Amino acid sequence: MATVNLHAPADRTDLPLVLLPPFPLDSRVWGDVSGLLGGDVITVDAPGFGGQTDSDPSLDSYARAVLAALDARDVHRFVVAGNSVGGYVAITLADLAPDRVAGLGLVGTKAGPGPDESAGRLAMAAAADAGTPVAELLAPMVAKLVSPTSRATVPGLGDRVDAWAAEASAEGVAWLQRAMADRPDRLHVLERTGVPATIVYGLEDPLSSPEIQQEMAGALGVEAIGVTGSGHLVPLENPGAVADALRATWDAA
């Protein structure tokens, strides 16, 4: 079974906020948002990025690893938010364990499948397995994660993301790419969720579109929040906007 690493404060509440990171980064992405929120915020390192991988590279396996780690901490109900693949897993959790998810935050992510992405993801996984340097594999994608505006206006942000991505393991890259390549359409999960929710996305995100965000917002019955000057990594590019949106959802749960 795959495993994840959890980072949690000493103080516990009955309803923590669980934050899931984007590919190819780890829980550090959520550091600024977590600091602004305070309280019982649990950040997660994905399988292969601190946690352990297994022979089942799938979003379901990742989600079950999160549930098992929360079980070990006696956490039953929680609010969950994710950026990019973290959002895919957040939706998967709402699908697999709807009785446990009390609120949902989707940040720079999608609910639908990515058939046009699958071949590229599987090719990257195979190249990682074959020993191609991870930094070389990830460089073209990482260049798209942070908006030009953020790279120009947030000191050191681009360098920080580049350095974190370079620390990714080949095993983690291969496992998560295969998990994402096979993701199903879960828009119907949003339609039936019925919990407080928020959608936040960067208006300069080349990996998604406002139309996709509006489709998810319609399924959830909420207004999508577009963040000016931000790209795919909104929690790093504009942590204040993300913290405000998640706080409102957490408070309403």
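Numbering of residues starts from 1 in each chain and follows the order in which that chain's sequence is written. In view of the model being predicted, local features appear only for residues whose pLDDT reaches at least 70, and side-chain atom pairs are presented and counted only at 80 or more, with totals across whole chains, interfaces and linings using the full set of residues. As a rule here, side-chain values cover all heavy atoms of the structure and leave hydrogens and water aside.

### Here we look at helix α5 (residues 134–142)
When a residue's accessible area, from a 1.4 Å probe over protein chains only, is under 20% of the maximum for its type it is buried; when over 50% it is exposed; and in between it is partly exposed. Runs of H or I in DSSP of at least four residues are treated as helices and runs of E of at least two as strands, each being numbered from the N terminus. Among the residues of α5, those classed as buried are V134, L137, L138, M141 and V142. The arc that holds the buried residues of α5, viewed along the axis, is 120°, so those residues lie on one side. Turned more than 90 degrees away from the buried face of α5, the exposed residues are E136 and P140. Here the arc refers to the directions that run from the helix axis out to each C-beta atom.

### So, unusual backbone geometry
In this chain, F23 is followed by P24 through a cis amide linkage whose omega measures 5°. Along the chain, P24 turns up in the loop between β2 (17–20) and α1 (31–37). Even without a glycine there, the phi angle at D74 is positive, about 60°. Phi at S84 takes a positive value of approximately 60°, unusual for a residue other than glycine. Along the chain, S84 falls in the loop between β4 (78–83) and α3 (85–96). Note on S84: relative accessible area 7%, which makes it buried.

### With respect to the packing of helix α2 (residues 59–72) against α3
Across the interface, α2 lies against α3 with an axial gap of 9 Å and an inter-helix angle of 75°. It follows that α2 is roughly perpendicular to α3 by the angle criterion. Contacts between α2 and α3 involve L59, D60, Y62, A63, R64, V66 and L67 on the former and, on the latter, V85, Y88, V89, T92, L93 and L96. Classification convention: Asp, Glu, Lys, Arg as charged; Ala, Val, Leu, Ile, Met, Phe, Trp, Tyr, Cys, Pro as nonpolar; all other residues, Gly among them, as polar. Its residues assigned to classes, the contact of α2 with α3 comprises 10 nonpolar, 1 polar and 2 charged. Angles here are taken between N-to-C directions and fall from 0 to 180 degrees, while the axes themselves are lines fitted to C-alpha atoms, restricted in helices to the stretch in contact. An angle below 35 degrees is read as roughly parallel, one above 145 as roughly antiparallel, one from 65 to 115 as roughly perpendicular, and any other as oblique. Any two residues having at least one pair of non-hydrogen atoms within 4.5 Å are treated as being in contact.

### A look at empty space enclosed by the protein
Points on a 1 Å grid, built from protein atoms alone, make a cavity when a 1.4 Å probe fits but cannot get out and make a pocket when they are open with protein on both sides within 12 Å along at least 5 of 7 lines; residues with an atom within 4 Å of a point are the lining residues. Grid points are joined across faces, edges and corners, and a volume is the space filled by probe spheres set on the points. Scanning the entire structure with this criterion turns up 1 cavity of 30 Å³ or more. Volume-wise, the largest cavity comes out at about 60 Å³. It is α3 that provides the largest number of residues to the lining of the largest cavity, a total of 3 residues. Looking at the lining of the largest cavity, its residues break down into 5 nonpolar, 2 polar and 3 charged.

### Concerning α3
Helix length check: α3 (12 residues) gives 16 Å between terminal C-alpha atoms against 16 Å at 1.5 Å per residue, within 8%. Among the 12 residues that make up α3, 10 are buried, leaving the element largely enclosed by the rest of the structure. Buried within α3 we find V85, G86, G87, Y88, V89, A90, I91, T92, L93 and A94. Each helix should span, by expectation, one fewer than its residue count multiplied by 1.5 Å.

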